[in-house]
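Chain residues, written in single-letter form:
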Amino acid sequence: MQSTPETPNRAPQFLGRDTPLPASPEEAVLDYVPNPRPGLTFLVRFVSPEFTSLCPVTSQPDFAHLVIDYVPGETIVESKSLKLFLGSFRNHNGFHEDVTVGIGVRLFEEMRPQWLRIGGYWYPRGGIPIDVFWQSGQPPEGLWLPDQGVPGYRGRG
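Owing to the predicted nature of the structure, the values given are computational and were not obtained by experimental measurement.

Colleague: Would you explain the side chain of Gln 148 in this entry?
Modeller: Turning to its location among the elements, Gln 148 is positioned in the segment after strand E6 (131-135). The contacts of Gln 148, once residues within four sequence positions are left out, are Arg 45, Val 67, Asp 69, Arg 117, Ile 118, Gly 119, Tyr 121 and Phe 133.

Colleague: Help me understand unusual backbone geometry, please; the structure alone is not making it clear to me.
Modeller: Despite not being glycine, Ser 59 shows a phi value in the positive range, around 65 degrees. Along the chain, Ser 59 turns up in the loop between strand E2 (44-54) and strand E3 (61-71). Here Ser 59 falls in the partly exposed class, since its relative accessible area comes to 42%. One non-glycine residue, Arg 112, adopts positive backbone phi at about 55 degrees. Secondary-structure assignment places Arg 112 in the loop between helix H2 (96-111) and strand E5 (115-122). Judged by relative accessible area, Arg 112 falls into the partly exposed class, the value being 43%.

Colleague: I'm lost on the confidence of the model for the protein in this one. Help?
Modeller: Low-confidence regions, as indicated by low pLDDT, have predicted coordinates that should not be scrutinised in detail. Here the protein averages 91 in pLDDT, while 91% of its residues score no lower than 70. When mean pLDDT is taken per element in the protein, H2 scores highest with 98 and strand E1 (residues 32-34) scores lowest with 95.

Colleague: Honestly, the pattern of salt bridges in this entry has me stumped. Any pointers?
Modeller: Taken as a whole and assessed by the stated rule, the structure comprises 4 salt bridges. Taking the shortest distance from any N to any O, the salt bridge between Arg 45 and Asp 69 comes out at 2.6 Å. Taken together, the positions of Arg 45 in strand E2 and Asp 69 in strand E3 put the pair 24 residues apart, joining distant regions of the chain. The shortest N-O distance in the salt bridge between Asp 62 and Arg 125 comes to 2.4 Å. Taken as a pair, Asp 62 in strand E3 and Arg 125 in the loop between E5 and E6 lie far apart in primary sequence, 63 residues in all.

Scoring rules and cut-offs
Each residue is numbered by its place in its chain's sequence as written, counting from 1. Since the coordinates come from a predicted model, pLDDT governs what is reported: local features require at least 70, and pairs of side-chain atoms require 80 or more to be given and counted, while whole-chain, interface and lining totals use all residues. The basis for every side-chain value is the complete set of non-hydrogen atoms in the structure, without hydrogens or water. Put simply, DSSP marks the helices as runs of H or I at least four residues long and the strands as runs of E at least two long, and each gets a number from the N terminus on. Contact definition: two residues touch when any of their heavy atoms are within 4.5 Å. Working definition: with a 1.4 Å probe on protein chains only, accessible area under 20% of the residue-type maximum means buried, over 50% means exposed, and in between means partly exposed. Scored from 0 to 100, pLDDT records how confident the predictor is in each individual residue. Think of a salt bridge as a Lys or Arg side-chain nitrogen and an Asp or Glu carboxyl oxygen that are within 4 Å of each other.

Right, dumping it as structure tokens:
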């Protein structure tokens, strides 16, 4: 069972355990634990520079550099469960737009942060890099919001 802000797991279920990658994003379970600093506005950033999924037409691998920024509400996402969730896309067929936005929307709907944004910086497919961005709304007033730090494509690395 997934934890939610109403019922966050008190003990993350994957930490300290040998856990295989879920077979699909739909089967992946994300753990949410209580925000250790409730009442404060702060930014959490996760970077996945070697994210992979599959092209929905050719089933060839697609590669991206993902940057996920969020301002916690009542909960935070536990990082190992996020790693397993992102890894579950290795065998998932999806267009860049659907994969990137789908990750952001799922995290936003389940975790219910104050604010979330995701940048998907995809390596070229057919000679064209595709960058996809989604955010839940305006960032909170006074939030220090650094640039995502991924340059425009020029042999991105």
